[in-house]
Amino acid sequence: MRLEPSSLRPAALCLMAAAALLSACGKKEAETATPATQVVAKVNGQELTVHQVNFLLQAQRGLPASQVEQASRQVLSQLVDQELMVQKAIQMKLDQDPQVLMALEAARREVMVRAYSDHATRGVPVPTEEQARVYYADNPALFSARRIYSIQEIVVQAPAEIQGELKAKLAAAKTSTDFTNWLRDQKLNAGVSVAIRPAEQLPMNYLQAFSALPDGKGMVLSEAPGAMRIAFRAASRAEPMSFDQAKPAIMAFLSNQARRELLQSNMAGLRTGGKVEYFGKFVDTAASAPALSSTRDGSLSVTLPGASGVSVSMPGAATPSTEVNLSGAASAAGAEVRLNNVSAGVQVNVAAPGASAVDAGTLRGGLSGK
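A few points on the structure. What you are looking at is a predicted structure, and each value in this text was computed from that prediction instead of being measured.

**Concerning the overall build of the protein chain**
1) Next: Within the protein chain, the regular secondary structure consists of ten helices and 13 strands.
2) Next: Among the 370 residues that make up the protein chain, the fraction classed as buried is 30%.
3) Next: Long-range pairs, those at least 24 residues apart, make up 60% of the contacts in the protein chain between residues at least 6 apart in sequence.
4) Next: Accessible surface for the protein chain amounts to roughly 22500 Å². Of this, 56% is attributable to carbon and sulfur atoms.

What follows is the structure in structure tokens.
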């Protein structure tokens, strides 16, 4: 059976893209007269080098020295297989297939983005132990008061007009059974799932409230016009984590957070300095996308037109020269602005009926109003 280009699965395209990139590296090394000592194999005359083997070995972090030799041979075997497939694909002219070309371009862009991210965050300082201790103290639900929860999650299909009554029944229910019995009596469709989760596996946006619930009580996690998502804390047990136990994870988190915030700050600069144009059916994207602009004095302005459901994070120090506007929307419900290192005087202007500016400097953690 002949393999048609259109029958390639996405996974195969990704494999071919990765293999083709590696093959291209091998060709480049061959063209620059690769020393014989660096060549570890030839596949139909195409050289594979020790640099290609070592590059793939880097992905196997923590590999014991005693296993490096065996792992190297396995990697080389994989490279040989990839090279054979690449050569066959080129022979079949699959490298000219539009889907393959798109996969190759996507792989190239991903590599370049990763390279830029690594370069841009190279100077991020290592978190200090004091910073780690502050984070530990500020998050008792994750550490000193950490618990393992037995959670019963309920998704209720409920019309908007009865959601008020549903919330009242939830608050009055002594157990999840009381609540589910009421749902059954009301003939409301509900899906129920049960899970056991440690505190760190719960979303941070409701962990604090959930940890404050007594066992047997529930809370609304989210709601929409026709449905509500509810979680009951069926049972729990204390399993605190000392600072020494938590320190490696906290240090890794703080480091990743610093990298992420620096990248977000860089993206704000790239957006400000770059020219982005939209065409065709995407022409209205510009009207709904967050607009970043800077002034001569270095202040930063963020505007969210049509802000419903949009979230903007400003990781740098937010000073009184920072202004955030949620404009052009009848209601800004669902829009959120997060300002870190906030100074008093930062203004968040919400263009909604009866809304006024919010002084974000008074809000701990920099989370503005909606």
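What follows continues from the structure just given.
**Details of the side chain of Asp-97**
1) Next: Turning to its location among the elements, Asp-97 is positioned in the loop between helix 3 (68-91) and helix 4 (98-120).
2) Next: In terms of polar contacts, Asp-97 uses its side chain to reach the backbone amide nitrogen of Gln-99, at 2.9 Å.

**Describing the pairing of strand 2 (residues 46-49)**
1) Next: What you see with strand 2 is no split at all: Gln-46 and Leu-48 on one side and Glu-47 and Thr-49 on the other are buried throughout.
2) Next: Bridge count for strand 1 (residues 39-43) against strand 2 is four bridges, and the pairing is antiparallel. Looking across to strand 2, one finds that Ala-41 is bridged to Leu-48.
3) Next: Connecting the antiparallel pair strand 1 and strand 2 is a turn made up of two residues, with Asn-44 showing a positive phi of about 50°.

**Observations concerning the packing of helix 6 (residues 163-172) against helix 7 (residues 176-185)**
1) Next: Where helix 6 meets helix 7, the closest approach of the two axes is 9 Å, and the angle between their N-to-C directions is 150°. Classed by the angle they form, the pair helix 6 and helix 7 counts as roughly antiparallel. Judged by the sense of rotation from one axis to the other, the crossing of helix 6 with helix 7 is right-handed. Contacts between helix 6 and helix 7 involve Glu-165, Leu-166, Lys-169 and Leu-170 from the first element and Phe-179, Trp-182 and Leu-183 from the second.
2) Next: In terms of residue class, the contact of helix 6 with helix 7 is made up of five nonpolar, no polar and two charged.

**Regarding the sheet that holds strand 5 (residues 218-224)**
1) Next: Read from one edge of the open sheet, four strands run 4-3-6-5, paired in antiparallel fashion. Either end of the sheet is taken by a strand with one partner, and the two such strands are strand 4 (190-198) and strand 5. Across the sheet, the axes of successive neighbouring strands diverge by a mean angle of 20°, strand direction being ignored.
2) Next: Judged from the eleven bridges that link them, strand 3 (residues 147-157) and strand 6 (residues 227-238) form a sheet pairing that is antiparallel.

**Thoughts on the pattern of salt bridges**
Note on pairing: side chains with opposite charge can pair once their charged atoms come close.
1) Next: If you walk through the whole model with that rule in mind, you get twelve salt bridges.
2) Next: Taking the shortest distance from any N to any O, the salt bridge between Arg-114 and Glu-110 comes out at 2.9 Å. Here Arg-114 pairs with Glu-110, and both are found in helix 4, just four residues apart, close to one helical turn.
3) Next: Judged by relative accessible area, Glu-110 falls into the partly exposed class, the value being 48%.
4) Next: Lys-247 is paired through a salt bridge with Glu-129; the nearest N and O atoms lie 3.0 Å apart.

**Things to note about unusual backbone geometry**
1) Next: For Asn-44, which is not glycine, the phi torsion reads 50° and is therefore positive.
2) Next: Along the chain, Asn-44 turns up in the loop between strand 1 and strand 2.

**A look at helix 8 (residues 204-212)**
1) Next: Residues of helix 8 that are buried include every one of Tyr-206, Leu-207 and Phe-210, and no others. Buried residues in helix 8, looked at end-on, bunch into an arc of 125°, giving them a common side. Along helix 8, exposed side chains directed more than 90 degrees from the buried face belong to Asn-205, Gln-208 and Ala-212.
2) Next: Those residues of helix 8 that are buried lie in contact with strand 3, strand 5 and strand 6.

Conventions used here
Residues numbered from 1 in each chain as written. Predicted model: local features only at pLDDT ≥ 70, side-chain atom pairs only at ≥ 80, totals over all residues. Heavy atoms only, no water. Helix = DSSP H or I, 4+ residues; strand = E, 2+ residues; numbered from the N terminus. Buried < 20%, exposed > 50% of the residue type's maximum accessible area, 1.4 Å probe, protein only. Contact = heavy atoms within 4.5 Å. Areas by Shrake-Rupley, 256 points an atom, 1.4 Å probe, with all protein chains shown as cover. Polar contact = N/O pair within 3.5 Å; in protein donor to acceptor, adjacent residues only side chain to side chain. Pairing = 2+ DSSP bridges. Axes fitted to C-alpha atoms, helices over the stretch in contact; angles between N-to-C directions. Parallel < 35°, antiparallel > 145°, perpendicular 65-115°, else oblique. Left-handed = near helix turned anticlockwise from the far one by under 90°. Nonpolar A, V, L, I, M, F, W, Y, C, P; charged D, E, K, R; others polar. Salt bridge = Lys/Arg side-chain N within 4 Å of Asp/Glu carboxyl O. Arc of directions from axis to C-beta.

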